[in-house]
Amino acid sequence: MNWIEAIILGIIQGLTEFLPVSSSGHLEIGKVILGVNAEKSLIFTVVVHGATVLSTIVVFRKDLFVLFKGLFVFKWNEETIYAIKIIISMIPVLILGFTFAEEIEALFTGNMLLVGSMLLVTALLLTFSYFAKQREKSISYSDSFIIGIAQALAVLPGISRSGATISTGLLLKNKKDGIAKFSFLMVLVPIIGANLKDLVDGKLSGGSGVSVLALTVGFLAAFISGLLACKWMIGIVKKGKLIYFAIYCSVVGSIAIAYHLFFI
């Protein structure tokens, strides 16, 4: 992977991490189009995901400050309750990550049939949430766990994490602005944890075949584009325009499936 390819893939990751179109799916498609070896670029995927975590922290820095400030009062308050809901939402993906880590990693090999099929699943979720009757309620403890299950399913390349979690929250009748923020905050610890695990396992030591330059520019591209996409997505959810992304996922998913069937 050269630095130009890294920038392109970084921008793809930054934009699609927050938009409900599957960043993992688009990264796999991008690798196939650019001719990047999917198996040797797994570390790049981890690094650019870390970049979008950083952009999330920057966008929600005030909310995170209030949350941590309330937590360290060591009292049962709104911040403590919210943090517990975040923790509950992480349970499914942590169980899945620790139990099936190698199996999940094996899915990221540029399989366009899988990516395309899962993009169609994302399109269905977005469509269902668009036509669901809306009710303005806050996220409950049970909602947190169900949304967490949606996040766990999004480990499949092609299922949008933000699309799955936000759609699930809307189907559960949660407030639009509340579920958008919850969706972006609930992913912070799992991705940071995945990066730390790879660091401990030695996967970030540079033996992946991806140069330090490529990792660096890819990180920066993902971070900057992620900042823009995160703010944009919050506005999109409030306006209820997810149906357009459902159409987009249907088109891209169909093209990916057709590519696999007729050109591979």
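Every value quoted in this text rests on a predicted model; they were computed, and no experiment measured them.

Visitor: Before we go on, may I ask you to explain the overall build of the protein chain in this structure?
Guide: Helices and strands together make up the secondary structure of the protein chain, namely 13 helices and zero strands. Taken from N to C terminus, the helices and strands of the protein chain fall in the order α-α-α-α-α-α-α-α-α-α-α-α-α. Dimensions of the protein chain, computed from the C-alpha atoms along their principal axes, are close to 50 × 40 × 35 Å. In the protein chain, the proportion of contacts linking residues at least 24 apart, taken out of those at least 6 apart, comes to 82%. Of the roughly 12,900 Å² of accessible surface on the protein chain, 72% is carried by carbon and sulfur atoms. When the 21 positive and 15 negative side-chain charges of the protein chain are each reduced to one mean point, those points stand 12 Å apart.

Visitor: Quick question: what am I supposed to make of the pattern of salt bridges here?
Guide: Between side chains of opposite charge, pairing is possible as soon as their charged atoms come close. Evaluation of the coordinates by the stated rule reveals four salt bridges. Put simply, Arg161 and Glu17 hold a salt bridge, and the shortest N to O gap is 3.6 Å. Taken together, the residues span a long stretch of sequence, with Arg161 in helix α9 (residues 161-171) and Glu17 in helix α1 (residues 3-18) at a distance of 144 residues. In terms of burial, Arg161 and Glu17 fall into one category: buried.

Visitor: Just to check I follow, could you spell out the packing of helix α2 (residues 23-34) against helix α7 (residues 112-131) for this structure?
Guide: Between two packed helices, both the angle of their axes relative to each other and the distance between the axes serve to describe the pair. Between α2 and α7, the least distance of the axes is 10 Å, while the angle of their chain directions is 145 degrees. α2 and α7 meet at a crossing whose hand is left-handed. From α2, Gly25, His26, Glu28, Ile29 and Val32 reach across to α7, where they touch Met112, Val115 and Leu119. Of the residues in the contact of α2 with α7, the class split is five nonpolar, two polar and one charged.

Visitor: Which parts of the structure should I look at to understand unusual backbone geometry?
Guide: Note on backbone geometry: most residues besides glycine have negative phi, and most peptide bonds are trans. One non-glycine residue, Phe74, lies in positive phi territory at about 60 degrees. Secondary-structure assignment places Phe74 in the loop between α4 (61-71) and α5 (78-99). For Phe74, a relative accessible area of 67% corresponds to the exposed category. Phi at Lys173 is positive, roughly 70 degrees, even though this residue is not glycine. On the secondary structure map, Lys173 appears in the loop between α9 and α10 (176-185).

Rules behind the numbers
Residues numbered from 1 in each chain as written. Predicted model: local features only at pLDDT ≥ 70, side-chain atom pairs only at ≥ 80, totals over all residues. Heavy atoms only, no water. Helix = DSSP H or I, 4+ residues; strand = E, 2+ residues; numbered from the N terminus. Contact = heavy atoms within 4.5 Å. Areas by Shrake-Rupley, 256 points an atom, 1.4 Å probe, with all protein chains shown as cover. Lys, Arg positive; Asp, Glu negative; His and termini not counted. Charge placed at Lys NZ, Arg CZ, Asp CG, Glu CD. Salt bridge = Lys/Arg side-chain N within 4 Å of Asp/Glu carboxyl O. Buried < 20%, exposed > 50% of the residue type's maximum accessible area, 1.4 Å probe, protein only. Axes fitted to C-alpha atoms, helices over the stretch in contact; angles between N-to-C directions. Left-handed = near helix turned anticlockwise from the far one by under 90°. Nonpolar A, V, L, I, M, F, W, Y, C, P; charged D, E, K, R; others polar.

Any functional reading would require information beyond the geometric quantities listed.
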